[in-house]
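Single-letter residue listing:
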Amino acid sequence: MRDLTVYNSLSKSKETFIPIHKGLVGMYVCGPTVYSDVHLGNIRTFMSFDVIFRYLKFLGYKVRYVRNITDVGHLVGDEDEGEDKIAKRAKVEGLEPMEVVQKYTNGFHDMMRIFNILSPSIEPRATGHIIDQIEMVQQILDHGFAYVANGSVYFDTLKFAKEKGTYGKLSGRIIEDLLQETRDLKNQGEKRNAADFAIWMKADDRHLMKWNSPWSVGFPGWHLECSAMSTKYLGAHFDIHGGGNDLKFPHHENEIAQNEASCGCAPANYWLHTNMLLMNGRKMSKSDGNTITAEELFSGHSRHVEKPYSPMVVRFFMLQAHYRSTLDLSNEALLAAEKGYKKLMEANAFLQKIKTEDSEKNAAIETKIIQLIDETFDELSDDFNTPKALARLFELVPIINSYKDKKEGFGNISAPTIELLQDCFDKVLFEIMGLRDENARSDPGSEGALDGVMQFIIELRQEARANKDWGTADKIRDVLQAQNIVIKDGKEGTTWNLK
Ligand code: AMP
Ligand code: ZN
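Residues numbered from 1 in each chain as written. Chains lettered and ligands numbered in written order. Predicted model: local features only at pLDDT ≥ 70, side-chain atom pairs only at ≥ 80, totals over all residues. Heavy atoms only, no water.

Glancing now at the overall build of the chain. Along the backbone of the chain there are 16 helices and 15 strands. Scaling as 2.2 N^0.38, a compact globule of 499 residues should have a C-alpha radius of gyration of about 23 Å, and the chain matches this with 25 Å. Expressed as a percentage of the 499 residues in the chain, the buried residues total 53%. Long-range pairs, those at least 24 residues apart, make up 72% of the contacts in the chain with a sequence separation of at least 6. A total accessible area of about 22100 Å² is found for the chain, and carbon and sulfur atoms account for 49% of it. (Helix = DSSP H or I, 4+ residues; strand = E, 2+ residues; numbered from the N terminus. Rg over C-alpha atoms; globule rule 2.2 N^0.38 Å. Buried < 20%, exposed > 50% of the residue type's maximum accessible area, 1.4 Å probe, protein only. Contact = heavy atoms within 4.5 Å. Areas by Shrake-Rupley, 256 points an atom, 1.4 Å probe, with all protein chains shown as cover.)

Moving on to the sheet that holds strand β12 (residues 282-283). Strands sit in the order β12-β11-β13 across an open sheet of 3 strands; the sheet is mixed. Only two strands of the sheet have a single neighbouring strand rather than two, namely β12 and β13 (327-329). Alignment of strand β11 (residues 277-279) against β12, held across 2 bridges, turns out to be antiparallel. Bridge assignment links L278 to a residue of β12, and that residue is K283. (Pairing = 2+ DSSP bridges.)

Turning our attention to the coordination of the zinc ion (ligand 2). C30 (SG), C226 (SG) and H251 (NE2) make up the full set of protein donors to the zinc ion (ligand 2), lying at 2.0 to 2.2 Å. Mapped onto the polypeptide sequence, the residues donating to the zinc ion (ligand 2) form the spacing pattern C-x195-C-x24-H. In this pair, C226 is assigned in helix α7 (residues 222-234) and H251 in helix α8 (residues 248-263), connecting sequence segments 25 residues apart. Of the two residues examined, C226 and H251, each falls in the buried class. (Donors = N, O, S within 2.8 Å, 3.2 Å for Na, K, Ca; no water.)

One can find Q133 in helix α4 (residues 130-142). The exposure class assigned to Q133 is buried, which follows from its relative accessible area of 0%. Every residue in contact with Q133, bar those within four places of it in the chain, is listed here: A126, P220, G221, L224, E225 and A228.

With respect to the helices, strands and loops of the structure, T16 is situated in strand β2 (residues 13-16). Take T16: its relative accessible area is 43%, and that puts it in the partly exposed class. With 367 residues separating them along the chain, T16 and D383 place their C-alpha atoms 9.5 Å apart. Beyond its immediate chain neighbours, meaning those up to four positions away, T16 contacts D3, L4, T5 and Y270.

This paragraph deals with the nonpolar core. Formed by 115 residues in total, the largest nonpolar core has its most connected members in L40, L56 and F115. Counting residues per element, this core draws most heavily on helix α1 (residues 40-58), which supplies 10 residues. Aside from chain neighbours lying at most four places away, what touches L40 is F115, L277, M284, I292, T293, A294, L297, V314, M318 and L329. (Core = buried A, V, L, I, M, F, W, Y, C linked by side-chain atoms within 4.5 Å.)

Here we come to the domain arrangement of the chain. The domains assigned to the chain are domain 1 (18-274), domain 2 (278-440) and domain 3 (447-498). Centre-to-centre, using C-alpha coordinates, domain 2 lies 30 Å away from domain 3. (Domains from an automatic or database assignment.)

With that settled, consider unusual backbone geometry. Cis peptide bonds are those with omega within 30 degrees of zero, and the linkage from F249 to P250 qualifies with 0°. Mapped onto the elements of the fold, P250 is located in helix α8. One non-glycine residue, D383, adopts positive backbone phi at about 55°. Within the element layout of this structure, D383 appears in the loop between α12 (363-381) and α13 (386-405). In this structure D383 comes out as buried when scored by relative accessible area, which is 0%. Backbone geometry places F384, a non-glycine residue, at a positive phi of 55°. Within the secondary structure layout, F384 lies in the loop between α12 and α13.

Shown next as structure tokens:
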């Protein structure tokens, strides 16, 4: 197996990846809080871990990938006194909190499918693991690293920091600085120190989502769910923990503290963090209104883009930046990505059709091809460097295209080398990078261009029908028909085909 190097946010250096159990990898990634539509920033993070998941599998590891759904406990402002994001949304939309959760979980799954992001091995929900979280709170209390105040339970950060000496290692936050931070929080009076955080919160009468516990009728703190669910499905000590950069503090720092305080060890050996997707130089973020949705990109109806862009162009655009670099979304950058994507897909389509008669070979070209193939995988093995791996493939494109014209010195590639090249493009573009060729004609049931988008449209139509919104359902069918796409409702569900 090829050596893999990963950048560990904990040690702040690149390290050779060595899994705890030979051939097996446990990976936990913080999933979405399902209170609104995911934006492209969120999608970038999940896409980055999708490539990591795919590459680990490509290398031959058996991977158990756990990505949770946060459906309780994430408070507005991420502090201990805010309102629950889901409960707040439920009031605004006039829905049950679980209806909000279902609606935005469905939307999230639709997006994952459209962008060809694989499902994780397990997708646990916080509300499905209240008992596990209560047990973990009890363990932390038993070990003396938490205290009860007025029915809530707080993590004793200062005591933990003094005794273990590890608090702040991931984020570089210094406990003294945290203690000095003066904050005007409602529950500050219950906390012994400003750096303490709630692991169980007593709910007031107006609170919508609450459960019985030994301390009060309440709900778990946001950081706790990931500690409890990763421990449940991956064990107290596993290989990789991931999430966006913005989760390093307080979420991941507090997760580490909770795990150490309950299980006695840090949860993960390698902490991987993705960098932020920017728009106009600022972090894409729902709360700032600096967002663009996938639908806006696909339709081109946004002041940020001048035309529609397809899911795979967007995926390619994201892969052209390393996951640890920021990426600025703009119309120009998407246009360039569209050109690059087309060029690579066309070269690949031609390459896959080449049939070689074992002609006289050109040793220099053969050596170059083999070297570039090797370098492509070297780049992927160097902290999943997708932009550099793509750059190597782009170096191979003129060699492939020259085969078309049988230019002097080119075209004389032996059958085994052509097969190696075909295999490399196929594996890197589709299996590892998760792209699809949108230019390929889309036969029903094939992996072609329209599959993901059509799946999404069919679901939208089903939703409309379920809501007795016949107008929208008919409009979807008519618009598709105008594009020569016919949809049929049958026993096996709805299918589609091109006229
Ligand atoms: P949330 O639903 O807010 O918990 O976010 C889900 C995931 O998306 C987390 O891992 C965040 O770190 C990540 N995320 C949020 N905004 C961005 C962004 N602009 N760029 C990349 N990742 C982001
Ligand atoms: Zn988490």
